[in-house]
Amino acid sequence: MNLVEEQCVEELADLLYNFLPGSGNSRTAFPLAAAQVQCQDLWTGGSKRPAIVQMLSSTLGQRRHKFRALSQRLRPCDTIVPNLCRGPDAASEQVAMINFKGAQFPKDVILFAVWFYVRFPVSYRDLEEIMEERGVNVDHATLNRWVERYAPLIAQEAQKRKTRTGRSWRMDETYIKVKGRWCYLYRAIDKHGKTLDFMLSEARDEAAATTFFARTIGNNGWPDRVVIDKSGANAAGLENMNLLLLLSGWCWLIEVLQVKYLNNIIEQDHRFIKRITRQMKGFKAFAAAQATLAGIETAHMIRKGQLNGQGGTAFEQFKALAG
C-alpha cells in the first residue's frame, strides 16, 4: 500500500477502535491491533464486501466534511440514528385526528370518495358520476381538492400504524408523468412484499436516492441488505448511508446487492401503482401527484394486509386512519 492508502486504513482503524455495535443497543470496545488487521484484510481483498475499500479510498478524505454536514442536518429531526434496534416512538403511535372542520359534506362521504379514487382506476369525472348514483352531488373539482388535502394526511398515519417490516429490502423507481414530463417514483419494499416507503422526485440522481434512503431508514430503521438495479445513483445513495454509519462510529454496514432477478418482486409491485395512474393520464401539478400517489400507496398497503390491526373491511381500515 502507498502512503495515502495506509492513511485511509488508519482512519478506518480509528473508527473501528472507537465503537462496534454489540447486542441490542450496547457498544463494545474493539482492540486497535485487531482493527488494523481487519482493515488490512479489507484492503487486500479478504473481505466479502470489496466495495468498502473503494468507498473508503474515495470518500474518507475528499468527502468527509460533506457527510458530517449531512449527519448534523439529519440528526436534529431524528431521521438517521445509528441504532440497529430502533423502533417507532411512543408519541408516533398516538392516533391523530384529521380535521374535517369546514367541509360541506359528511366525513364518511369525503373518505369514501378519496378511497374510491386511490383504490380503483377511475377518473374524477367517473367518480363524480359514481357519487351521483349514490345520491351525492359533488363536482369533480371538489373531489380533486379532497384527494389533495386528505390523502397525504392518511398516508402519514398509515406509515405510523403499519405492521413491522423486514430488514432485507428491494428498491427501484418507476416513471410517473407530471406536467408533460417524466418524474421518478422511488419505492422500497421488503423481501415479503410489504411497502416500506415511497417518494416522488423530479430528478434521478445521487441526491434524490440519498434523500429517499434517509427517509426510508428514518421510518423503518436500518436494513441488513438492500437489493437494487444497476443504477449508479442508487448505489451512491446507499454508499452515503454507509458513510454516515462509519462517520458515526459504526463499522456495521448495509450490504448492497445488484442482482436483477432478486428485484423481480418490486417490478411486479409497480403494476398496481401503474394500473391506477394509467387512467389519470398524467398529473398537472407536482404537489397533486405527490398527494395522489400517497393515497394510492396507502390503499396498496391496506390491500397487502399491512394494516390488519385496524380490523374491518379495506374501506373501514382506510377510514380508521383518519381518526
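Note that the structure is predicted; figures quoted are calculated from it, not measured.

Draft legend 1. Spotlight on a negative patch on the surface. Taken together, the side chains of Asp-126, Glu-129, Glu-132 and Glu-133 present a region of like negative charge at the surface. Its place among the elements puts Glu-133 in helix H6 (residues 124-133).

Draft legend 2. Region of the structure containing the pattern of salt bridges. One pass over the structure, following the stated rule, counts ten salt bridges. Note that Glu-173 is salt-bridged to Arg-204, the shortest N-O span being 2.6 Å. Residue Glu-173 is found in strand E3 (residues 168-178), and its partner Arg-204 is found in the loop between strand E5 (195-201) and helix H8 (206-220); the two are separated by 31 residues along the sequence. Residue Glu-173 is classed as buried on the basis of its relative accessible area of 8%. Owing to a relative accessible area of 36%, Arg-204 belongs among the partly exposed residues under this scheme. Bridged by salt links that share partners, the residues Arg-187, Asp-269, Glu-297 and Lys-304 form one connected network.

Draft legend 3. A look at the sheet that holds E5. Strand order in the open sheet formed by five strands is E5-E4-E3-E6-E7, with mixed pairing between adjacent strands. The open sheet has two edge strands, E5 and strand E7 (255-257), and neither has a second partner. Each neighbouring strand pair of the sheet contributes to a mean axis angle of 25°, computed without reference to strand direction. One ladder, built from three bridges, connects E3 with strand E6 (residues 225-227); its direction is parallel. Directly across from Ser-168, in E6, lies its bridge partner Arg-225.

Draft legend 4. Geometry of helix H11 (residues 286-303). Over its 18 residues, H11 extends 26 Å from the first C-alpha to the last, a length consistent with the 26 Å expected when each residue adds 1.5 Å. Buried residues dominate H11, accounting for 15 of its 18 residues.

Draft legend 5. Seen up close, the side chain of Ser-231. Tracing the backbone through its elements, the reader meets Ser-231 in the loop between E6 and helix H9 (232-247). On the basis of relative accessible area, Ser-231 is assigned to the buried category, the value being 12%. For Ser-231, the side chain forms a polar contact with the main-chain nitrogen of Ala-233, separated by 3.4 Å. In this structure the side chain of Ser-231 is engaged in a polar contact, spanning 3.4 Å, whose partner is the backbone nitrogen of Asn-234. Beyond its immediate sequence surroundings of up to four residues, Ser-231 is in contact with Arg-204 and Gln-258.

Conventions and cut-offs
Residue positions are given per chain, counting from 1 as you read along its sequence in written order. With the structure being a predicted model, the display of local features is reserved for residues of pLDDT at least 70 and the display and counting of side-chain atom pairs for 80 or more, all residues being used for whole-chain, interface and lining totals. To obtain the side-chain values, all non-hydrogen atoms of the structure were used and water was disregarded. The patches reported here contain residues having more than 30% relative accessible area and no salt bridge. Joining distances are 9 Å for like charges and 5 Å for nonpolar side chains (Val, Leu, Ile, Met, Phe, Trp, Tyr). Here the accessible surface of atoms and residues is derived via Shrake-Rupley with a 1.4 Å probe, and residues count as covered only by protein chains that are part of the display. The term salt bridge refers to a side-chain nitrogen of Lys or Arg lying within 4 Å of a carboxyl oxygen of Asp or Glu. Positive charge is attributed to Lys and Arg, negative charge to Asp and Glu, and no charge count is given to His or to the chain ends. Lysine's charge is taken at NZ, arginine's at CZ, aspartate's at CG and glutamate's at CD. Think of it this way: any DSSP run of H or I at least four residues long counts as a helix, any run of E at least two long counts as a strand, and we number them from the N terminus. Each residue is placed in one exposure class: buried if its accessible area under a 1.4 Å probe, protein chains only, is under 20% of its type's maximum, exposed if it is over 50%, and partly exposed if it falls in between. Being paired, for any two strands, means DSSP has found at least two bridges between them. With axes taken as lines fitted to C-alpha atoms, and helix axes fitted only over the stretch in contact, angles between N-to-C directions fall between 0 and 180 degrees. Here the expected span of a helix is defined as 1.5 Å times the quantity of residues minus one. Polar contact is defined as a pair of N or O atoms within 3.5 Å, subject to the rule that within protein one atom must be able to donate a hydrogen and the other to accept it, and that residues adjacent in sequence are counted only when both atoms are side-chain atoms. Throughout, a residue-residue contact means that at least one pair of heavy atoms, one from each residue, lies within 4.5 Å.

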